[in-house]
Structures are given as C-alpha cells and as structure tokens.
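# Remarks on the overall topology
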Amino acid sequence: MWRYFGRKLFVYALTFFVAVTINWMIPRFMPGDPVRSMLARASVGNAEALEAMRAYYSSLFGLDLPVWQQYLNFWGSLLRGDLGTSVWLFPTPVSEVILGAVPYTLGLLVPAILLSWIAGNKFGAFAARGRWLDNTVLPVGYLLTATPYMWLGILLAWSLGIVAGIFPTAGAYGFALQPSLSWAFVSSLVLHWFLPFLSLFLVAFGGWAIGMRNMIIYELEADYSSYLEALGAPRRLVRRYAFRNALLPQLTGLALQLGTIVAGALLTEIVFSYPGLGNLILEALNNRDFFLLQGAFLFIVLGVLIANFVIDVVYVLVDPRVRVQMQGGAA
Amino acid sequence: MSAQQVPGGPVPGEGVGAGPGEAAAVGAPRRGNETVYFALRNPKLLAGAVVVAVLLVAALAVPPFLGGSPNAYVGPQAQPPSAEFWFGTTNFGQDVFAQFVHGLRSTFLVGLLGGGIAALVGMVVGFVAGYRGGLVDEVLNMITNIVLVLPAMVVLIIAAAYLEARGILVQSLFIGLTSWPWAARAIRAQTLSLATRDFVDLARLSGRRAHAIIFREIAPNMSSYLFMTFILLFGGAILIAAGLDFIGLGPPQGVSLGLMMHSAVSWSALQLGMWWWFVPPGLGITAIVGSLYIMNVGLDEVFNPRLRET
C-alpha cells in the first residue's frame, strides 16, 4: 500500500518541483526582458529615474545575484509562504489576494466536476446501444465537448442573461450587497453562480456521456458479457456489470481531464467576471503583475496535484483488484 | 478542452485484439479497397469530413477574393448581417466575415502545427518507451507523467505572458510541447502489445536496427491508430489556442477566432446585442473540432470491424 502511494507521491513531488522550476525559469530565460517591459509601461522619460527604477526592479527580482543563489532564494521564500507583493493591489501580499479568490473558483469547479461526472456517466450508460438515443446523443455530446468553454459561457450570458434577463452576467453577487449570511446575499450569490456553473457543467457533461457510452459498448463486447448473456442473465444485470467496469477508466479519465477543466473554469470566470483565479490571472496580465501571475500558477498546480492524489485514493477504494494486490504486497 | 481522455478516442482499445486495422490484414490491395468501401458508407465519417472540408476550402479560397486586411475599417459601424457584409460589422466597422475566414486559416494552421508537433513528440516518446523498456521506459514514463499532470493551459498562459514575440508559430510550438503526454501513453501501450509479436521477434532476429523495426514493422501496424491520435491532437490544439487568444495572449496583430471573441467581449458586444460578432467564431471552432471528433468515431468503425453497426 505504502509503495503504491509512495510512488504516486514521488511523482507529484517531482511535478511540483518542475512546476516551481518552470515558474522560476520563465521570467529569467524567456527572450525579452521583464524588467524592461515593466519600465516601458511606466513610461518614464528621465534617464536617471529609469536607471534607478531598473536597479530597484532588478533587486526586487533578485536579478543581481548569481543564478544558483536566485534559485535557492526563490525556494526559500516560497517555503515561507512568501509569494511576493501584488503590483495590481499594492501592497497586499500575493498569497492573500489569491486566497481571497480561491473559494470562488472551488465553488464553481467542485460541483461542476462532480455533478457532470456523475450525471454524464449515468446518461452515457443509459444512452449506449439504444438506437434512437444513441444516434441523437452522440453528435450532441461530441459537439458539446468540442465547444470552447468561453463560447458556451458567452452564449449563455447573452441568451439567458442579457436577452432573457433571468440571470445576472457579471460578478459573484450584486454590486449593492455586502457579504453576509442574509437571504438577499445568498440568493444573489446563487443566481450569479448558476450560469458559469452551467456552462462548465455542460461542456464536461458531453465528454463524460460520450466516454461512458463508448466504454459500455466496449464492455458489452467483452467475453464476460457474452457469457452472462449466454447463461440467460437479464439484460439489466449485464449492463450493471458493464457499468461498474466502465467506471474505472472514467475515473482515470477524470484525473487526466482535471487540467483541462480547470483551464475551462478560468476562461468561464473571465466571461462572467467571476472573481476567482481566472479573473485574477486576467487582471495580473493586464497590469503586468508577474508575482500575482506566478503565485496563481503555483496555486493551480498545487490544487491539481492534490485533486490527483484524492482520485488515486478513491481509485484504491473502488477497484478491488488494486486493493487485493496491495494487501498481497503488504502481507 | 484538449482531448486528453479523449472522448471516443482510440483509448479503450488497449487490448491486443482490438488493435486497429488488423482484421483486414489479408493483402495490401484488398485491404485498401475494403477500407475505402467502409469509409464511403460511414455516415459519421462522411458528415464530419464534409464539414471540415467546406470550412477548409473557405479558409483557403476565400481570403484572396476579399483582398485587403481583415482588420481594415471598411464599412459602417456595428451593422447586423446584410447583403454587403454577410456577417455584419464590428464596433469599428470591420467586416466580421473577412475576420472569420482569416481566423479559420489560423485555426487550421495552429491545429496542424500544434497537433503535428504534439503527435511527433508523443510518437517518439511512446515508441521508444514501449519498444526499449527498462530504464529508458521508466525515465520517459516519469517525464510523461509529470507533463501530464501539469495543467497545459496554465503553463502556456505563464509562458505567453512573458513572451514578447508572439506569433502563430511560437504558439503552436508551445501547444505542441505541452499536449503530447496522453498520446505518448496510448502509443506506448500499443507498442508494448505489438513489440512481443512474432513478426517483430523475427525482424529482431534478422538483425534489423531498433529504429528500422519501429518504423517498418511496428508503426505501419498501428497507422490508423496514429492517424486518429493526430486528429484528436489537432482538435485539442485548436481549443487551447482559442482559449489563449481569448485571454488576449494570442498574436497581437493577427486575426484568429479566439481573438474575435476576445474583442467582442472586450468591446461589450454582449451588452449591445451584437450577436453576429461573437456567434460565428465560436461556431466555427465548435464545427471544426466537433466534426473532427465525429470523424474519428467513423474512422474507428471503419478500421475496427467489431465496432461497425450491424
């Protein structure tokens, strides 16, 4: 058991290490000079002032130290939880800005991922091998997964938000409200949450439904299904076995899709000006706030790694083969 | 969405017997005929191919007739579709139709380059890891797993934010370098199952070199699989590029479908009800990528007789 988790954790630790290294390398080794582009943005004409600012920014990034020292310092401050200071919301620390946005992103992502996975699997299993359903569901599902997240968001915001006027299209709650536990605030929160959630849910749903449908068909072709059918087992029983077998690859698929869904959530947030990490990234880009950008990147990577690990644990709980194998290994 | 756990992709067929293109390995000419026979009778494949072909022709053939820059201010501002401007005009009087066909061009280009690079890297890693095994496999597997877990889009956002020279080529290169892992995994699994076959052993006994065996013996036996993988990578690259362009990290002076949505949203086309500005670009992307996916299901049925509808 510990071997299995140890191996997984090792890969994740290595991934985190690589992510931090990428994060450190990109500003330093990309063609183009971040300090210069920041100075260009400040548009200071005075040469002396420019020189002073260049020196200030260089020391801020620690660019005047030897490279290995820069790298170690980067890790040092990271482990102290210091991600730098936001330029956009000066002088708030980056970690604080990000922690304020994370709940919104999680509030969108977690329900969207879980509900779309469950509903998509159920629906895909239901549609598989039903001639009429299969022929309508299949193209619709493929079109849904092929839809860019932001476009579905735009369409929903325009049709249900602006034309029909049912849902608000910007922000996480009404502009006139203060966060509190009142009915007015909570209902406004839910109304603002619904459209971004719906667009994330729909795109992901199409993918899961199709994946499940294909897996079920594959499982129904397997020998055990034919055997059961030959024994005269009821159709429903065979399908139930096929469903349980098909769930495992879908769980692996969930782990593989996490990065994509997170990216989709970022794009959806931008469409709806939803104050999560996606919007934060957009603001960071617009304000050339690189500390904030890199902090957000690290947070997202960390979140994806944790979610991957959770899926690994669930996989062990669900798959009897892995469980037995591990008990055998431990004995 | 990059097609990772590819919907309807060649993923489930990791089993040996389900390897594509094996059932009809009777003789080369007959097999070719049979593939064509079933391909022409597969409605999914045909429908997908027709949509992609129409859009491709539009992308290649129309722009020369329009002439001038797609970003030029040619007409009245914010006009709905009319006989003169088929898709209407933007807030600034740019022709949306001209932007759309030029955007289609860059969409296909990104798909081709980004998907191509990803397929190339995935194939090299998958073949080498699957055929060599041992330590090489361990190391390549580790790298694959690391890149697989890293959220590609977010890495690309960081990279593109610092990059000053942003063009379609650079964008495709970056997309290709981040979206190969699932392909490498799938190809590795296929290679593993083929590498233990008798004909591969025979080739090895005859003293062929490893790369010759991979390219002459293994790759041709999974060519349909590789082709389908490329199609999915193609679609995935288009979606990632659209997302990047939408955030505003696309080519600064260019035209692309993602960029059109970006400007539509930034210039409040939604609030102004200018649906002709933001509907066509998204519809174009959805049509291309969706048709590619549906084509892939059709191809799967053509190559794998067990999936054909009876």
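The numbers attached to residues start from 1 for each chain and follow its sequence in the written order. Labels are handed out in written order, letters beginning with A for the chains and numbers beginning with 1 for the ligands. Local features are withheld for residues below a pLDDT of 70 in this predicted model, meaning they are given only at 70 or higher, and side-chain atom pairs are given and counted only at 80 or more; totals for whole chains, interfaces and linings count all residues. Side-chain measures here rest on the full set of heavy atoms in the structure, leaving out hydrogens and waters.

### Re the overall build of chain B
Applied cut-off: Think of it this way: any DSSP run of H or I at least four residues long counts as a helix, any run of E at least two long counts as a strand, and we number them from the N terminus. The cut-offs for exposure are 20% and 50% of the maximum accessible area for each residue type, with area from a 1.4 Å probe on protein chains only; residues under the lower value are buried, those over the upper are exposed, and the others partly exposed. Surface exposure here means Shrake-Rupley accessible area, sampled with a 1.4 Å probe, where a residue is shielded only by the protein chains that are shown.
Counting its regular elements, chain B contains 12 helices and zero strands. Each helix and strand of chain B, ordered N terminal to C terminal, gives the series α-α-α-α-α-α-α-α-α-α-α-α. Taking all 310 residues of chain B together, 56% fall into the buried category. About 12800 Å² of surface is accessible on chain B, with carbon and sulfur atoms providing 67% of the total.

### So, the overall build of chain A
Heads up, the condition is: We call two residues in contact whenever any of their non-hydrogen atoms come within 4.5 Å of each other. Neither His nor the chain ends is counted toward charge; the positive residues are Lys and Arg and the negative residues Asp and Glu. For charged residues, the charge sits on one atom: NZ in Lys, CZ in Arg, CG in Asp, CD in Glu.
For chain A, the count of helices and strands is 13 helices and zero strands. Counting helices and strands in the order they occur from the N terminus, chain A gives α-α-α-α-α-α-α-α-α-α-α-α-α. A total of 331 residues make up chain A; the buried ones form 49% of that total. The long-range share in chain A, meaning contacts at least 24 apart out of those at least 6 apart in sequence, stands at 72%. With the model as given, the accessible surface of chain A reaches about 16200 Å², and the carbon-plus-sulfur share is 69%. Averaging the locations of the 20 positively and 16 negatively charged side chains of chain A gives two centres separated by 12 Å.

### Let's talk about empty space enclosed by the protein
Rolled over the atoms, a probe as big as a water molecule pinpoints where empty space is left. All names here are of chain B. Selection rule: Grid spacing is 1 Å over the protein atoms alone, the probe is 1.4 Å, and a cavity is where that probe fits but cannot get out, while a pocket is an open set with protein on both sides within 12 Å along at least five of seven lines and lining residues have an atom within 4 Å of a point. Grid points are joined across faces, edges and corners, and a volume is the space filled by probe spheres set on the points.
For the structure shown, the criterion picks out nine cavities of 30 Å³ or more. If you add up the space inside the largest cavity, you get close to 120 Å³. If you go around the largest cavity, you meet 14 residues; those closest to its centre are Ala 160, Leu 163, Arg 166, Val 170 and Gln 171. Looking at the lining of the largest cavity, the element that brings in the most residues is helix α6 (residues 168-178), giving four residues.

### A few points about the UniProt feature "transmembrane region" (unreviewed entry) in chain A
Put simply, the rule is: UniProt positions are given in the numbering used here, feature names are shortened, and annotations may be inferred rather than shown by experiment.
In the numbering used here, UniProt assigns the "transmembrane region" (unreviewed entry) feature to residues 9-26, 97-119, 140-170, 190-210, 246-272 and 292-318 of chain A. End C-alpha atoms of residues 9-26 of chain A are separated by 25 Å, and the span's content is 100% helix alongside 0% strand.

### Digging into the environment of Trp 208 of chain A
All names here are of chain A. Along the chain, Trp 208 turns up in helix α8 (residues 183-220). Taking relative accessible area as the criterion, Trp 208 reaches 2% and is therefore assigned buried. Once the C-alpha coordinates of Trp 208 and Leu 195 are considered, the two residues, 13 residues apart in sequence, prove to be 20 Å apart.

### Points about the packing of helix α5 (residues 94-127) of chain A against helix α10 (residues 235-271) of chain A
All names here are of chain A. For clarity, the threshold we go by: Interaxial angle, 0 to 180 degrees, is taken between N-to-C directions of lines fitted to C-alpha atoms, where a helix line uses only the stretch in contact. Here a crossing is taken to be left-handed if its near helix is turned anticlockwise relative to the far helix by less than a right angle, and right-handed if that turn runs clockwise. Residue polarity is assigned by list, with Asp, Glu, Lys and Arg as charged and Ala, Val, Leu, Ile, Met, Phe, Trp, Tyr, Cys and Pro as nonpolar; anything else, Gly included, falls into the polar class.
For the pair α5 and α10, the least separation of the axes is 9 Å and the interaxial angle reads 145°. For the pair α5 and α10, the crossing hand works out as right-handed. Two secondary-structure elements touch here, α5 through Thr 105, Leu 108, Leu 109, Ile 113, Trp 117, Asn 121, Ala 125 and Phe 126 and α10 through Arg 239, Phe 243, Leu 247, Gln 250, Leu 251, Leu 254, Leu 258, Ile 261, Val 262, Ala 265 and Glu 269. Among the residues making up the contact of α5 with α10, the classes are represented as 14 nonpolar, three polar and two charged.

### Concerning the interface of chain B and chain A
What counts is decided by this rule: Counted as salt bridges are all cases of a side-chain nitrogen of Lys or Arg within 4 Å of a carboxyl oxygen of Asp or Glu. Residues adjacent in sequence count toward polar contacts only when both atoms are side-chain atoms; beyond that, a polar contact is any pair of N or O atoms within 3.5 Å, and within protein one must be able to donate a hydrogen and the other to accept it.
At the interface, 57 residues of chain B touch 67 residues of chain A. In this structure, the connection of chain B to chain A is made through one salt bridge. The salt bridge involving Arg 7 of chain A is made with Glu 138 of chain B; its shortest N-O contact spans 3.7 Å. Put simply, chain B and chain A have one residue pair in polar contact (both at pLDDT 80 or more) between them. Listing elements by their share of the side of chain B that touches chain A, those giving two or more residues are α4 (134-149), α5 (152-162), α10 (223-247), α11 (257-266) and α12 (275-303) of chain B.

### Topic: the environment of Phe 291 of chain A
Mapping Phe 291 of chain A onto the fold places it in helix α12 (residues 290-318). For the pair Phe 291 of chain A and Val 94 of chain A, spaced 197 residues apart in sequence, the C-alpha separation works out to 6.9 Å.

### Remarks on the UniProt feature "transmembrane region" (unreviewed entry) in chain B
Feature annotation in UniProt places "transmembrane region" (unreviewed entry) on residues 45-66, 108-131, 143-162, 168-187, 225-249 and 275-299 of chain B, given in this structure's numbering. In this annotation, residues 108-131 of chain B is assigned 100% helix and 0% strand; the end-to-end C-alpha distance for the span is 33 Å.

### Looking at the UniProt feature "domain: ABC transmembrane type-1" (unreviewed entry) in chain A
Within this structure's numbering, the places UniProt gives as "domain: ABC transmembrane type-1" (unreviewed entry) are residues 102-311 of chain A. Taken as a whole, residues 102-311 of chain A contains 82% helix and 0% strand, while its terminal C-alpha atoms sit 20 Å from one another.

### Describing the domain arrangement of chain A
Quite often, the size of an interface is put as the accessible area lost when its parts meet. Worth spelling out the cut-off: In this document the domain limits rely on a domain assignment from an automatic tool or a database.
The domain architecture assigned to chain A consists of domain 1 (24-82) and domain 2 (94-330). A separation of 38 Å is found between the C-alpha centroids of domain 1 of chain A and domain 2 of chain A.

### Some details on the pattern of salt bridges
All names here are of chain B. Under the counting rule described, the total for this entry stands at six salt bridges over all chains. For Glu 301, the salt bridge identified is with Lys 44, shortest N-O distance 2.8 Å. In this pair, Glu 301 is assigned in helix α12 and Lys 44 in helix α2 (residues 43-66), connecting sequence segments 257 residues apart. Classification of Glu 301 by relative accessible area gives buried; the value is 10%. A salt bridge links Glu 217 to Arg 208; its shortest N-O distance comes to 3.1 Å. Assessed through its relative accessible area of 18%, Glu 217 is described here as buried. The class for Arg 208 is partly exposed, based on a relative accessible area of 34%.

### Quick word on a nonpolar patch on the surface
All names here are of chain A. Quick reminder of the rule: What makes a patch is a set of residues exposed beyond 30% relative accessible area and free of salt bridges, joined within 9 Å when like-charged and within 5 Å when nonpolar (Val, Leu, Ile, Met, Phe, Trp, Tyr).
Among the surface-exposed residues, Leu 302, Ile 306, Val 310, Val 314, Leu 317 and Val 318 lie close enough to one another that they form a single nonpolar patch of about 510 Å² accessible area. Along the chain, Val 310 turns up in helix α12. Judged by relative accessible area, which is 47%, Val 310 ranks as partly exposed.

### As for unusual backbone geometry
Of note, the phi angle at Ser 273 of chain A is positive, near 45°, even though the residue is not glycine. With a relative accessible area of 34%, Ser 273 of chain A lands in the partly exposed category. In this model, Ser 268 of chain B sits at a positive phi of 45°, which is unusual for a non-glycine residue. Considering the arrangement of structural elements, one finds Ser 268 of chain B in the loop between α11 and α12.

### Some words on the side chain of Thr 268 of chain A
Structurally, Thr 268 of chain A can be placed in helix α10. Look at Thr 268 of chain A and you get buried, because its relative accessible area is 0%.

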